[in-house]
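What the coordinates show
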Amino acid sequence: METKLPITPDFIRDANAPRLDALEEDFGALGRQLRRRGIDIEKIERQVAAFTVALPSWGAGRGGTRFAKFPFRGAPTNIHEKLQDCSVIQQLCRITPRVSPHFPWDFVSDYRALRQEAAALGLSFDAVNSNTFQDQPGQRHSYATGSLTSTDRGAREQAIAHNIECINIGKELGSSAITVWLADGSNFPGQQDLTRAFDRYLEATAQIYAALPGNWRMLLEHKLFEPAFYSTVLQDWGSSILAAQQLGPKAQCLVDLGHHAPNTNIEQIVSRLHRFGKLGGFHFNDSKYGDDDLDSGAINPHQLFLIFNELVEAGLNPRPGFDPAYMIDQSHNVTDPIESMLSSAEAIASAYAKALVVDRAALRDAQESNDVMMAFQALRQAYRTDVSPIVARARVAAGGAVDVLAAYRASGWRQEMAGKRKPMAPGTGIV
Ligand code: RM4
Ligand code: MN
Ligand code: MN
């Protein structure tokens, strides 16, 4: 297949040239440090090189915040341009080869052509995301009373049909999962019968589940609150795992990091879901107060590390069905989304690499002998380790940039697009 990569290998090679010696020096020093700790850096590098995380098509724009959209020159205006931007990210960081599309935002008339277009950009498609949280022009039934859980049968059926349509699109795109996130819930005590709303959820999702092709998964995404502020139908991992268990083996839970109350022990949720074979995947982002879509690792990189620590443990002792789908889910308002997603991909890969350098034997011994301080130190020592030379070297070996942000800025990509793409209109935000 003919490829049309936005950033050429030659450009990346030239950008890397002056940085390679320093990278090798840092990698060598870290390798010696890790060897003293009984860790083989080459093995860690191979594991990091095998790690990938999907990009959200909607993350390529800067329109996802709650209050306003601030258009910027060169922003992508459709899925084709979003794919180009995702390709830039992938060319530079080499761990984001898949894009997770969102419908109807990414509707096109020819999905086979879209799949080829993505392939020519070095990309493929990840989980499809349905959207029944906003009304679309010409839509027969409003989602004002909810979608899959509305008391209005018409709205429910329309939402089910939309999810099945997303599965059918996903088949053409080569996806093998659908992520279902619902805004359904209530704003007033008494507004909704909490039990009947969940019954309707189970009934509607069972119909979507029945349309899943054999090798597909359905990822149920919970969210504590917003846009419903009193109750959300699928508000936490408890409701999520109950639904996934009732639906069957192809249904698993998706953990969006931002969809929890501040200070929630998300790593423990990860461990619980894995224990029962229901850890389906992640939406990586961060959150401080209420915004669920800040850049990954921007607020709490330690939590990200602790989550990866659970994932590494899970990988060493996998339960049936352990194959989490890793995706980024962020909204950008004040940064160039390409830069934010490059920085997030780096933060995610670093959290993984840090979890890989935990001395597991020391941790286990300390846990078994109730040596609290040494158990804590086993994690702390790994968290303190600057693993960036490993992440950078794995990336460079795959054709990526030593310094992704410097290379991106030097590429002049956004300025070039500013001259080519239609200007975006200001507007309001979405969830
Ligand atoms: C939601 C949720 C979904 C995402 C939308 C755009 O809060 O995180 O995963 O599809 O936002
Ligand atoms: Mn999400
Ligand atoms: Mn969200």
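Coordinates for the structure precede this section.
Residues numbered from 1 in each chain as written. Chains lettered and ligands numbered in written order. Predicted model: local features only at pLDDT ≥ 70, side-chain atom pairs only at ≥ 80, totals over all residues. Heavy atoms only, no water.

Every protein donor of the manganese ion (ligand 2) is accounted for by Glu221 (OE), Asp256 (OD), His283 (ND1) and Asp329 (OD), and the metal-donor separations fall at 2.1 to 2.2 Å. In this structure, the manganese ion (ligand 2) is surrounded by six donor atoms whose angles at the metal cover 71 to 168 degrees, and the resulting shape is octahedral. Separating the manganese ion (ligand 2) from the manganese ion (ligand 3) is a distance of 3.9 Å. You can see His283 sitting in strand 10 (residues 279-284) and its partner Asp329 sitting in the loop between strand 11 (325-328) and helix 11 (337-356), a full 46 residues away along the chain. Assessed through its relative accessible area of 1%, His283 is described here as buried. (Donors = N, O, S within 2.8 Å, 3.2 Å for Na, K, Ca; no water. Tetrahedral: all angles 85-135°; square planar, octahedral: opposite > 155°, others 65-115°. Helix = DSSP H or I, 4+ residues; strand = E, 2+ residues; numbered from the N terminus. Buried < 20%, exposed > 50% of the residue type's maximum accessible area, 1.4 Å probe, protein only.)

A few words now on the pairing of strand 7 (residues 217-221). Sheet faces and side chains relate simply in a regular strand, where the side chains alternate between the two faces. Across the five residues that make up strand 7, a large majority, five, are buried. Burial of strand 7 is two-sided: the residues Arg217, Leu219 and Glu221 facing one way and the residues Met218 and Leu220 facing the other way are all buried. Pairing of strand 7 with strand 9 (residues 251-256) involves four bridges; the strand directions are parallel. Bridge pairing in strand 9 links Glu221 to Leu254. (Pairing = 2+ DSSP bridges.)

Turning our eyes to something else, we now look at the site of ligand 1. As a matter of local geometry, ligand 1 sits amid Trp58, His102, Trp105, Trp181, Glu221, Lys223, Asp256, His259, His283, Asp292 and Asp329. One of the side-chain N or O atoms of Lys223 is found 3.3 Å from an oxygen atom in ligand 1. Protein burial of ligand 1: of its 300 Å² of free accessible surface, 98% is covered by the chains. Residues that form the shell around ligand 1 fall into these classes: three nonpolar, three polar and five charged. (Near = heavy atom within 4 Å. Polar contact = N/O pair within 3.5 Å; in protein donor to acceptor, adjacent residues only side chain to side chain. Areas by Shrake-Rupley, 256 points an atom, 1.4 Å probe, with all protein chains shown as cover. Nonpolar A, V, L, I, M, F, W, Y, C, P; charged D, E, K, R; others polar.)

Glancing now at the environment of Gly214. For Gly214, the location among the structural elements is in the loop between helix 7 (194-210) and strand 7. Taking the C-alpha atoms as reference, Gly214 lies 22 Å from Ser240; in sequence the two are 26 residues apart.

Moving on, we come to the side chain of Lys354. Summarising the element assignment, Lys354 is placed in helix 11. Nearest to the buried, unbridged Lys354 among oppositely charged side chains is Asp386, at 6.1 Å. Beyond its immediate chain neighbours, meaning those up to four positions away, Lys354 contacts Phe305, Ala382, Tyr383, Arg384, Thr385 and Val387. (Lys, Arg positive; Asp, Glu negative; His and termini not counted. Salt bridge = Lys/Arg side-chain N within 4 Å of Asp/Glu carboxyl O. Contact = heavy atoms within 4.5 Å.)

Now for the sheet that holds strand 3 (residues 124-125). Strand order across the open sheet formed by three strands is 1-2-3, with parallel pairing between neighbours. The two strands at the open ends of the sheet, each matched to only one other strand, are strand 1 (55-56) and strand 3. Two strands pair when backbone bridges link them, and strand 1 and strand 2 (residues 98-100) are joined in this way by two bridges, in the parallel orientation. Looking at strand 2, one finds that Leu55 is bridged to Val99.

Turning our eyes to something else, we now look at the nonpolar core. Leu92, Phe282 and Phe308 are the most contacted members of the largest nonpolar core, which totals 110 residues. Residue contributions to this core peak at 11 residues, all from helix 11. If near-sequence neighbours (up to four positions away) are discounted, Leu92 is found in contact with Ile7, Ile12, Leu342, Arg395, Gly400, Ala401, Val404, Ala407 and Tyr408. Counting residues in each nonpolar core, the second largest holds seven residues, with Ala127, Ala177, Leu219 and Leu254 among its members. (Core = buried A, V, L, I, M, F, W, Y, C linked by side-chain atoms within 4.5 Å.)

Here the focus is the side chain of Arg360. Looking at where Arg360 falls in the secondary structure, it is placed in helix 12 (residues 360-368). Side-chain polar atoms of Arg360 contact the side chain of Asn309, separated by 2.7 Å. In this structure the side chain of Arg360 is engaged in a polar contact, spanning 2.7 Å, whose partner is the side chain of Glu313. The residues touching Arg360, leaving out its near neighbours within four places in the chain, are Asn309, Val312, Glu313, Leu316 and Ala355.

Our focus in this paragraph is the packing of aromatic side chains. Enumeration over the complete set of coordinates arrives at 16 aromatic pairs. Relative to Phe133, the ring of Trp105 has its centre 5.9 Å away and its plane inclined at 80 degrees; by these criteria the two rings are edge-to-face. On the criterion of sequence distance, the pair formed by Trp105 in the loop between strand 2 and helix 5 (111-120) and Phe133 in the loop between strand 4 (128-129) and helix 6 (153-173) is long-range, its members being 28 residues apart. Take Trp105: its relative accessible area is 28%, and that puts it in the partly exposed class. Consider the rings of Phe308 and Tyr352, whose centres lie 5.8 Å apart with planes at 50 degrees: the pair is tilted. Highlighted residues: Phe308 in helix 10 (residues 301-316) and Tyr352 in helix 11, separated in sequence by 44 residues. Assigned by exposure class, Phe308 and Tyr352 land together as buried. Three or more aromatic residues link up through ring pairs in this structure, and these residues are Phe51, Phe282, Phe284, Phe308, Tyr326 and Tyr352. Of note, Lys250 hangs over the ring of Tyr209, and the distance from its end group to the ring centre comes to 5.9 Å. (Phe/Tyr/Trp six-rings, centres within 6.5 Å; stacked < 30°, edge-to-face > 60°. Lys NZ or Arg CZ within 6 Å of the ring centre and 35° of its normal.)

Here we take up the environment of Pro249. Along the chain, the position of Pro249 falls in the loop between helix 8 (237-247) and strand 9. Given the relative accessible area of 73%, Pro249 is considered exposed. Along the chain, Pro249 and Leu114 lie 135 residues apart, while their C-alpha atoms are 30 Å from each other. Ignoring any residue separated from it by four or fewer positions in sequence, one finds Pro249 in contact with Tyr209 and Lys278.

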